[in-house]
Each structure stands twice: as structure tokens, then as C-alpha cells.
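# Reading the structure
So you can see what is in the structure, the chains are spelled out below.
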Amino acid sequence: MNITDDIKYVGVNDHEIDLFEGQYTVPNGMAYNSYVIMDEKIAIMDTVDGRFGAEWLQNIRAALDGRAPDYLVVQHMEPDHSANITTFAAAYPDAKIVSSAKAFAMMQNFFGTDFADRRVVVGEGHVLSLGRHQLTFVAAPMVHWPEVIVTYDSTDKVLFSADGFGKFGALDVQEDWACEARRYYIGIVGKYGAQVQALLKKAAALDIAVICPLHGPVLTENLGYYLDLYNTWSSYEVESDGIVIAYTSVYGNTKKAVERLAELLRAKGCPKVVVNDLARCDMAEAVEDAFRYGKLVLATTTYNADIFPFMRTFIEHLTERNFQNRTVAFIENGSWAPMATRVMRGLLEKSKNLTYTEATVKILSAPNAETDAALQALAAELCQA
């Protein structure tokens, strides 16, 4: 696949994987992207997952048509992108390896060598000339590892964005970009919003026509759409108007209250109501929903003088990723000494700019008329503009 006249795609699709990073379900697989820049000198942009080294080298050989690469640029040291550095080094012993100082230290840890005899250390503002193409390196620390650099080709106006603008899913599967890019971003990069904001400000000074990420499709049209979404996600602002209800239920009584609340919200014309059973849903999808929409209802039981484990895990996922700028409501259930609301609110106490509803719902074992009145009050408050 040609990205431009001089830039070719040499990455691979992975349909063998079931869990990305050991936790995220990827029903449509993953893409590990790598690119070749053809010029007087040739640069390969990143490697691929270790299981695909032979296929990747075959793709490179086909793209080069008998030529040999001069450089391997390593933007990010996660093994899904760096595992084949030594494979490349053995296949092309005369090529130099270009990366940040911190990346070379990681190579020593991963591979037992930092390639001292063939390394080129680059950082913010450094330029590598390939001839016609000039590659400018931009430091992107903690997006989402400390060694990350991204690369701007001023000739073809291409930003090689490392893990930025990536998504789940192989490239031979057609699916909506935003859904899987959002889940990918929030799950993997979401903690580092401030660092992403800093990188977006640097990117705003560049004339970008194409974005080449390390996962997901190459972006060539309507780049403002993708940049705007990244700005929203990394600033923790509300993307869509809607209400998410995340719940756990042991014997079904909390679930009944949640279903009743959802019914009331929809009857009042709330634009979007999403219900997630945290014991059964994809936790990453539930976390994605909480960051996408503006209002969140947490409903759970008091359990061992705490809260049900799936709810605790969910809230910890939120706070780990700097959950903020949302409206939060609580539904608690307890047969004696109910304390779920107090525990949940305590877990959220370090989150910034949360607004809590005045209405709360307490269930004593099973919903009753008093519970229904409280649910109606909560629905009315949540549906206010």
C-alpha cells in the first residue's frame, strides 16, 4: 500500500490475538503498522509484534525491491512495535538505528544491547535528512511511555504519530473509527491527557496532510475530526450528551431499580441512556462510556462492609484515568448498614470537577414505593438540561 509516492506501508494484521495488552478484547484483531520512506537514503519507521517478524521483513524486501535500508526509526519501545529490532539489525547489519536516549536504555533492558556502534540518538527538534525528505523529531514523553518520539516528514506533510490516533482492529476489517479508537485511547492513553494536550499543541504548528499511526488506519481526510476528538478526550471534556448507568446486582433487586431508572429516563426523553452490568459487560466498554457521556449513575450493593468488587474495579479504572468534569449519582442497596454510597463517593474524592446530584436512592433489600419516588426524583434531576 502506497501512502504517498515515496512512503509505503509494510505493517501486518494480527487475527491470532484475543486480548491486547493482556486485557482488552479485540474481536477484529490488531494492526501493527510500519512504514518505509524511499529516498536517497531509506528509513523504516518502527517494527512490528515479535510473532510477525518474518512477514514484516518480507514486506520490507518487497517494498525495497533490492535496495537496503539505511535507518530504522524506533518511535516507541512497547514490544508490539519494537520486538523485531534485533531481527532487523541482523538482517541489515549496515543500517543505523535512530531513537531517543531513553529508548536506547530500554533496548539494553529488552535485548541486552543498546546498539552503541550503530545508534543515532535524537530528541526534540532534531532533523534526519534522507535526501528530499527531512524528518523532524518531536518528543512526546508519556504518550504513553517516557521514551516516545513522533516524526514529521515536512516533504510529504506526514506525521508518524506513534501510538497517537491508533485504534483496535486489523486493517482488513471495516468498522467505525471513533468507537474503537475511543476505547483504545481511554484504556491505554487516557491517564496522560496533559501530555497528549502538550503534543497536540506541538502538532498544531505543523502542516499535516496525513497521519500514520502505529495501530489502525492511515488518516488522510477530514483530519480536523480526529484532532478534535483527541482534544476532547485528552481534556476530559464531555463528548456526547447522555447518561450511563453502571451497576452490579447480587440477587436482582438493584437491577430492578436500575431498569426502572432507565425506563423513567427514557420516558422523560433523555437523549441517550446506556446501561452496563459490570459483572457481565466488557469493562473497557463501560469505562469508555463513562468518559464519553456527561452523566454517570453508579448503582451497587454494600458487600463485606464495602462495595461489590466489580464496582470497585470500575471506579478504580475511572480514577486511574483521571475521571473528571462529570455529573455523578448513586444508588445503593443494603439489607443492613448500607454504606455503598459513602464508599463510592470516597473512591471518587480525588477526582476533579465532579458534580453530585442532590437526589440519591437507598434500597433496603428490595425496591418499594419509597424507592420508586426516589428514582423518579433522580430521573427528573438527571434529565434537566
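To be clear, the structure that these remarks concern was listed above.
Residues numbered from 1 in each chain as written. Predicted model: local features only at pLDDT ≥ 70, side-chain atom pairs only at ≥ 80, totals over all residues. Heavy atoms only, no water.

With that settled, the discussion passes to the nonpolar core. Ranked by internal contacts, the top residues of the largest apolar core, which has 92 residues, are Phe20, Met107, Trp177, Leu296, Leu298, Phe314 and Phe323. Among the elements that line this core, the one with the most residues is helix α5 (residues 177–189), at 8 residues. In this view, Leu298 contacts Ala246, Met311, Phe314, Ile315, Val328, Ala329, Phe330, Ile331, Met344 and Leu348; residues no more than four positions away in its chain are not counted. Counting residues in each nonpolar core, the second largest holds 23 residues, with Ile245, Ala257, Leu375 and Leu378 among its members. (Core = buried A, V, L, I, M, F, W, Y, C linked by side-chain atoms within 4.5 Å. Buried < 20%, exposed > 50% of the residue type's maximum accessible area, 1.4 Å probe, protein only. Helix = DSSP H or I, 4+ residues; strand = E, 2+ residues; numbered from the N terminus. Contact = heavy atoms within 4.5 Å.)

The next subject is the pattern of salt bridges. Throughout the structure, instances matching the rule amount to 19 salt bridges. With a shortest N-O distance of 3.0 Å, Glu124 and Lys202 are connected by a salt bridge. Residue Glu124 is located in the loop between β10 (119–121) and β11 (127–129), and its partner Lys202 is located in helix α6 (residues 193–204); the two are separated by 78 residues in the primary sequence. Overall, Glu124 belongs to the partly exposed group, its relative accessible area being 45%. Where Arg182 meets Glu288, a salt bridge forms, and the shortest distance between an N and an O atom there is 2.8 Å. Here Arg182, found in helix α5, pairs with Glu288, found in helix α9 (residues 283–292); they are 106 residues apart in sequence, far enough to count as distant. Neither residue differs from the other here; Arg182 and Glu288 are each classed as buried. (Salt bridge = Lys/Arg side-chain N within 4 Å of Asp/Glu carboxyl O.)

With respect to the helices, strands and loops of the structure, Gln376 is situated in helix α12 (residues 369–382). Distance from Gln376 to Val361, taken between C-alpha atoms, is 9.8 Å for residues 15 residues apart in sequence. Not counting residues up to four positions away in its chain, the partners in contact with Gln376 are Arg260, Leu264 and Lys268.

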